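One-letter residues, chain by chain:
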Amino acid sequence: MKMELVKGVNLHFLQSKKFKTNKIKVRFSSPLDENTVAARVLAACMMETANQKYPTSQLFREKLASLYGVELSTSVSKRGRVHYVDLNISFVRDDFLSKKNVLTDEVLDIIETIFFLPLVVEDHFDSDTFDVEKKNTISDLESEIEEPYYYAHGQLNQLFFEDETIGMSRLGKVDLVRQETAQSSLEQFHQMLQLDNIDFFFIGDFNEVAIVDRVNQFEFKPRDNNLSVNYQQPFTNVVREKLEQKQNQQSILELGYHFSTQYGESLHIPLVVLNGMLGAFSHSRLFQVIREKEGLAYTISSHFDIFTGFMRVFAGIDKGSRTKVMTLIMKQLNDLKRGKFTESELQLTKEMLINTTLLAQDRQNTLIEREYLKTMLGKKVLSLEEWLESINKVSKEEIIETAKTINLQSVYFMEGK
């Protein structure tokens, strides 16, 4: 069930007793903007660290521990043209406690404290705490950049996307984080509360009426964000290439493919199945041919982002194998374009996708994300039954048609030792 508190602020109830814990996720959604990402990330760090009621991390954690071990964290992510900051809280369901609704009330009090009593001195976040979080964020970004595959992914993103913002890290960039101050980050936090779309997700066993009354006391004002997750850039015949030499033990080859299918369109589900056949599973072509049969890759995989029209194929290889591996990757996709695959290959992929989908239903976040997408995309989002039925119906002809829409756009090669 979804209800609108005020324009742009929604409550979603996913009632279920299948989970031992209740979960509350509060999602702030805003247009992806290079100028605000770093401040949003730092605001998220401050939200989970301390506040005026519990002004140190230790005091805050002790309070959470006293409530039967409440788990609280924040996370940041992006989807297409939208940037998210999530507050995630998990706690024991009332069924396992002697008193009813008490724990949910306590958790909502904590959420209100985080939002409206942040750790502030005059017009800025507490400087000592903020400086620690800023240093940690810079360290996280720098360590990600040092990780070879993360770095290679970022380089391919830069080659592929014409809009640089779409390809950047969900955490922003080191130099942008360095520029943020305790004041600028607090200003962005206030902007989030006042201007972002906000979605509260309650998954588990909840008293809906009591929660609506309680969250209404937060007194959110209406906001008007016309958020669009979809980003689509035109295909160009010019393949953008980049080669770098690094002191890594292995080399990394990354290929970026363009496709024009968008979420909910007729070739969306066939694209899911095609990716499964190409490189998503251990039975997939890239894994079986290039890693198992030819022994040319330490790791190899493919995945796609339906919200940006981007498919990535990446492989960890020896530097002398680049040309052969690239030729074999392109052959696997060309074989799919020509229909050179068996019915059993198609059927096994469908079974793997169905099993993966059903297993995912046991994760609260999976159910929350589907509910959120319904808010963004409406009837384009299939029910579980419709999704499984659509997977089963994908034909050989649809795989061929879909494969023909996928075209090479960028190549990045990190040459190791």
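Predicted model only: the values in this text are computed from it and were never measured. (Residues numbered from 1 in each chain as written. Predicted model: local features only at pLDDT ≥ 70, side-chain atom pairs only at ≥ 80, totals over all residues. Heavy atoms only, no water.)

A. Spatial organisation of the overall build of the protein. Summing up its helical and strand segments, the protein has 16 helices and 13 strands in all. Taking 22 Å as the expected radius of gyration for a compact globule of 417 residues, we find that the protein reaches 23 Å, a close match to that expectation. Along the first, second and third principal axes, the C-alpha atoms of the protein reach 60 × 45 × 35 Å. Taking all 417 residues of the protein together, 54% fall into the buried category. Look at the contacts in the protein between residues 6 or more apart in sequence, and 82% of them connect residues 24 or more apart. Carbon and sulfur atoms form 49% of the exposed surface of the protein, whose accessible area is close to 19000 Å². (Helix = DSSP H or I, 4+ residues; strand = E, 2+ residues; numbered from the N terminus. Rg over C-alpha atoms; globule rule 2.2 N^0.38 Å. Buried < 20%, exposed > 50% of the residue type's maximum accessible area, 1.4 Å probe, protein only. Contact = heavy atoms within 4.5 Å. Areas by Shrake-Rupley, 256 points an atom, 1.4 Å probe, with all protein chains shown as cover.)

B. Main features of helix α5 (residues 148-160). The first and last C-alpha atoms of α5 sit 18 Å apart over 13 residues, in line with the 18 Å expected at 1.5 Å per residue. Structurally, the start of α5 carries an N-cap: the backbone nitrogen of Tyr-149 is 3.1 Å from a side-chain oxygen of Glu-147. (Expected span 1.5 Å × (residues − 1). Polar contact = N/O pair within 3.5 Å; in protein donor to acceptor, adjacent residues only side chain to side chain.)

C. Examining unusual backbone geometry more closely. Even without glycine at this site, Glu-122 takes up a positive phi of about 55 degrees. Examined against the element boundaries, Glu-122 turns out to sit in the loop between β6 (120-121) and β7 (124-125). Judged by relative accessible area, Glu-122 falls into the exposed class, the value being 74%.

D. Up close: the environment of Lys-20. Within the secondary structure, Lys-20 is located in the loop between β2 (9-15) and β3 (21-31). The class of Lys-20 is exposed, set by a relative accessible area of 67%. Separated by 76 residues in sequence, Lys-20 and Phe-96 have C-alpha atoms that sit 8.6 Å apart. Once residues lying within four places of it in the same chain are set aside, the contact partners of Lys-20 are Val-92, Arg-93 and Phe-96.

E. Layout of the pairing of strand β12 (residues 310-317). Burial analysis of β12 places eight of its eight residues in the buried class, which makes it a mostly covered element. The pairing of strand β11 (residues 299-305) with β12 spans seven bridges and is antiparallel. Considered in β12, the bridge of His-303 is made with Arg-312. Counting the residues that bridge the hairpin from β11 to β12 gives four residues, and of these Gly-309 lies at a positive phi of roughly 65 degrees. (Pairing = 2+ DSSP bridges.)

F. Inspection of the nonpolar core at higher detail. Counting 72 residues, the largest nonpolar core has Ile-111, Phe-115, Phe-200, Phe-202 and Val-215 as the members making the most contacts within it. It is helix α1 (residues 34-49) that contributes the most residues to this core, eight residues altogether. Here this core spans two domains, and each of domain 1 (2-217) and domain 2 (240-415) adds at least three residues to it. Core analysis: the next-biggest nonpolar cluster, separate from the first, contains 61 residues, Val-82, Leu-278, Ile-354 and Leu-367 among them. (Core = buried A, V, L, I, M, F, W, Y, C linked by side-chain atoms within 4.5 Å. Domains from an automatic or database assignment.)

G. Representation of the side chain of Thr-308 within the structure. As for its position among the elements, Thr-308 is in the loop between β11 and β12. Classification of Thr-308 as buried rests on a relative accessible area of 3%. Polar side-chain contacts of Thr-308 include one of 3.1 Å to the side chain of Asp-305. Discounting chain neighbours no more than four positions away, the residues touching Thr-308 are Gly-80, Phe-161, Ile-166 and Tyr-231.

H. Summary view of the packing of helix α10 (residues 268-280) against helix α16 (residues 396-403). Following both chains from N to C, one finds α10 and α16 inclined at 85 degrees, their axes separated by 9 Å at the closest point. On the basis of the axis angle, α10 is roughly perpendicular to α16. Of the residues in α16, those touching α10 at Pro-270, Leu-271, Val-273, Leu-274 and Met-277 are Glu-398, Ile-399, Thr-402 and Ala-403. Residues belonging to the contact of α10 with α16 are distributed by class as follows: seven nonpolar, one polar and one charged. (Axes fitted to C-alpha atoms, helices over the stretch in contact; angles between N-to-C directions. Parallel < 35°, antiparallel > 145°, perpendicular 65-115°, else oblique. Nonpolar A, V, L, I, M, F, W, Y, C, P; charged D, E, K, R; others polar.)

I. How the structure looks around the pairing of strand β8 (residues 197-204). For β8, the tally of buried residues reaches eight of eight residues, placing the bulk of the element in the interior. Neither face of β8 is open: one carries Asn-197, Asp-199, Phe-201 and Ile-203, the other Ile-198, Phe-200, Phe-202 and Gly-204, and all of them are buried. Strand direction decides the pairing type here: β2 and β8, joined by seven bridges, are parallel. Counted as the bridge partner of Leu-14 is Ile-203 from β8.

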